[in-house]
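# Coordinates in review
Listed here are the chains, written in short residue letters.
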Amino acid sequence: MTTVTHPDAHAEAGPFECAVCQFDQAAQRLNLDEGLREVLANPRRELSVSFPVKMDDGSLRVFRGFRVHHNEARGPGKGGLRYSTAVDLNEVRALAMWMTWKCAVARLPFGGAKGGVNVDPHSLSVGELERLTRRYGSEIGPFIGPERDIPAPDVGTNEKIMAWLMDTYSMSQGYSVPASFTGKPVSVGGSVGRAEATGRGIFFVTQEAYRQAGRSLEGSTVAVQGFGNVGSVTAWLFAKAGANVVAVSDANRAVYCRSGLNIEEIIAGTREASRLPASHPGDIITNDELLTLPVDILIPAAIEGQITGRNASAVQAKMIVEGANGPVNCSADFILKAKGITVIPDIVANSGGVIVSYFEWVQDLQSLFWREEHINRRLERMIVDAFREVESERAREGGTLREAAYRLAVSRVVEAIEARGVFP
Ligand code: NAD
């Protein structure tokens, strides 16, 4: 007899409990065998490391890092690396599980993985950051590789860090292995279009949802939480398409201007200050206030657990597009569904990053590189196809887009597990 925990029980739960709750709902709907359910509710492998880094003042500091492989039935592990003081095993497990479903929805030949280090990268000098990165890369070395697990950037990491990691892995092998990491600089085997891919994918998916509803993005009002890689590119693309981006935020503050923000100016200011510029036309509001603004489209693009049972009933947006992983938790989903707010789930909406990471991996393995127009076209085709499949599943079987996406993802992973059989 299988039991599904009511989402209310997860109101204040950690990200992994939330991920399992989402999976449980799909497993129950698919009548999944109890054994398979147990397999998929647990990560396949978890590596937890403690390692020393020599600081600039000569002292030694010990850091904790993780790499988790959730499931590899459909291919090698794929997923980002996060540097943040919120990183722990619970968070990395959740992010790894979400990657399994995301790769399956996009029909990529990858399983789900994720990693991270508990550190505030902004508190380190460049030298300390490089030593931390190389030592962490060496600690997870036996776990990764182009046929095993291919990490990419996530919160707090970037293409420079991917280049150090690829170099560290290559040194251990004795030759260059560009396909070991994605999200690298183009000069060392990165792909054009990768840096913008997640934001671009969010834009394509929202545009398609609007197109299906017979509407245009032009003139729609948009609020974006998080102004890093994902949030800034997303805001820029929506503004370019004629949407009115009225609010953006980073971890410190949010800016709101009813008549619309100048996103290019804010991007330029952020580049200089590494955070949203202190003075900008518009009102300074809190991140909590941004989440409940009366807008057409709300795009949480920062971290998980932002819309919960605590604030979901105050959300006024008509549509939420999950740029971040896990920004809406299980109990919030219940409330948003009752309010009739459409949520385009993370495992579809932000899959542009992993889709172009897949293109980067393929290009590195072939040492044959594509043009940006080709990449953007293929990205659009793949992500729009994935969204249409999810939408058709929802129309056929009912429920929310998240429930439909999970049913597709879980059944594809189960199909792979059953085709391979259980070893030995
Ligand atoms: P980033 O480090 O470039 O930017 C993160 C942004 O969020 C920054 O502006 C930061 O100030 C802000 N932020 C951090 N904590 C916050 C908080 N508590 N409240 C409000 N804002 C906060 O990271 P990113 O690569 O843009 O990733 C953002 C999200 O998108 C994450 O959930 C990540 O897992 C997800 N994602 C990233 C990619 C990718 O390709 N980078 C792909 C898919 C999903």
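Above this text is the structure in question.
Reference entry: report on the structure contained in this document. (Residues numbered from 1 in each chain as written. Predicted model: local features only at pLDDT ≥ 70, side-chain atom pairs only at ≥ 80, totals over all residues. Heavy atoms only, no water.)

### Describing the site of the ligand
Note the following rule: We call a residue near a given molecule or strand whenever any one of its heavy atoms falls within 4 Å of it. Pairs of N or O atoms are called polar contacts if they sit within 3.5 Å, as long as, within protein, a hydrogen donor faces a hydrogen acceptor (for residues adjacent in sequence, only side-chain-to-side-chain pairs). In this description, accessible areas are obtained by the Shrake-Rupley approach with a 1.4 Å probe, and a residue is regarded as covered only by the protein chains that are shown. Helix numbers and strand numbers start at the N terminus; a helix is a DSSP run of H or I with at least 4 residues, a strand a run of E with at least 2. Residues are grouped as follows: Ala, Val, Leu, Ile, Met, Phe, Trp, Tyr, Cys and Pro are nonpolar; Asp, Glu, Lys and Arg are charged; all remaining types, including Gly, are polar.
Contacts to the ligand come from 24 residues, most closely from Arg-82, Asp-154, Thr-198, Val-230 and Asn-325. One of the side-chain N or O atoms of Arg-82 is found 2.9 Å from an oxygen atom in the ligand. Interatomic distance of 2.8 Å between a side-chain N/O atom of Asn-325 and an oxygen atom of the ligand. In isolation the ligand offers 820 Å² of accessible surface; the protein chains occlude 83% of this area. Sorting the residues of the shell around the ligand by element identifies helix 6 (194-212) and helix 7 (229-240) as the ones contributing at least two each. Per-class residue counts for the shell around the ligand are nine nonpolar, ten polar and five charged.

### Looking at unusual backbone geometry
Note: most peptide bonds trans; most residues except glycine with negative phi. A cis amide bond, omega 5°, links Phe-423 with the succeeding residue Pro-424. The topology assignment puts Pro-424 in the segment after helix 14 (401-420). If you check the backbone angles, Asn-31 has positive phi at about 55° while not being a glycine. Note on placement: Asn-31 falls in the loop between helix 1 (15-29) and helix 2 (34-41). Phi is positive for Arg-107, close to 60°, though the residue is something other than glycine.

### Structural notes on the pairing of strand 6 (residues 221-225)
For clarity, the cut-off: For every residue, the accessible area (1.4 Å probe, protein chains only) is compared with the maximum for its type, and the residue is labelled buried under 20%, exposed over 50%, or partly exposed between those bounds. Two strands qualify as a pair provided that DSSP identifies no fewer than 2 bridges between them. Whether a crossover is right-handed comes down to one check: with the strands pointing away from the viewer, does the path from the first strand over the helix to the second run clockwise; if it does, it is right-handed.
Along strand 6, four of the five residues are buried, which leaves the element largely enclosed by surrounding structure. Judged from the five bridges that link them, strand 6 and strand 7 (residues 244-249) form a sheet pairing that is parallel. Bridge pairing in strand 7 places Thr-221 opposite Asn-244. Since strand 6 and strand 7 lie parallel, the crossover through helix 7 that links them has a hand, and here it is right-handed. Note that strand 6 and strand 10 (residues 297-300) share four bridges and pair parallel.

### Observations concerning the packing of helix 6 against helix 7
How we decide: The convention used is that axes are lines fitted to C-alpha atoms, helices contributing only their stretch in contact, and that angles between N-to-C directions extend from 0 to 180 degrees. When an angle is under 35 degrees it counts as roughly parallel; over 145 it counts as roughly antiparallel; between 65 and 115 it counts as roughly perpendicular; any other value is oblique. Handedness of a crossing follows from how the near helix is turned relative to the far one, being left-handed for an anticlockwise turn of less than a right angle and right-handed for a clockwise one. In this analysis, two residues are considered to be in contact whenever any of their non-hydrogen atoms come within 4.5 Å of each other.
Orientation of helix 6 relative to helix 7, taken along the N-to-C sense of each, is 50°, at an axis distance of 8 Å. Between helix 6 and helix 7, the crossing angle belongs to the class labelled oblique. As for the relative orientation of helix 6 and helix 7, their crossing is right-handed in sense. Residues Ala-195, Glu-196, Thr-198, Gly-199, Arg-200, Ile-202, Phe-203 and Thr-206 of helix 6 form the contact with helix 7, whose own contacting residues are Asn-229, Val-230, Val-233, Thr-234, Leu-237 and Phe-238.

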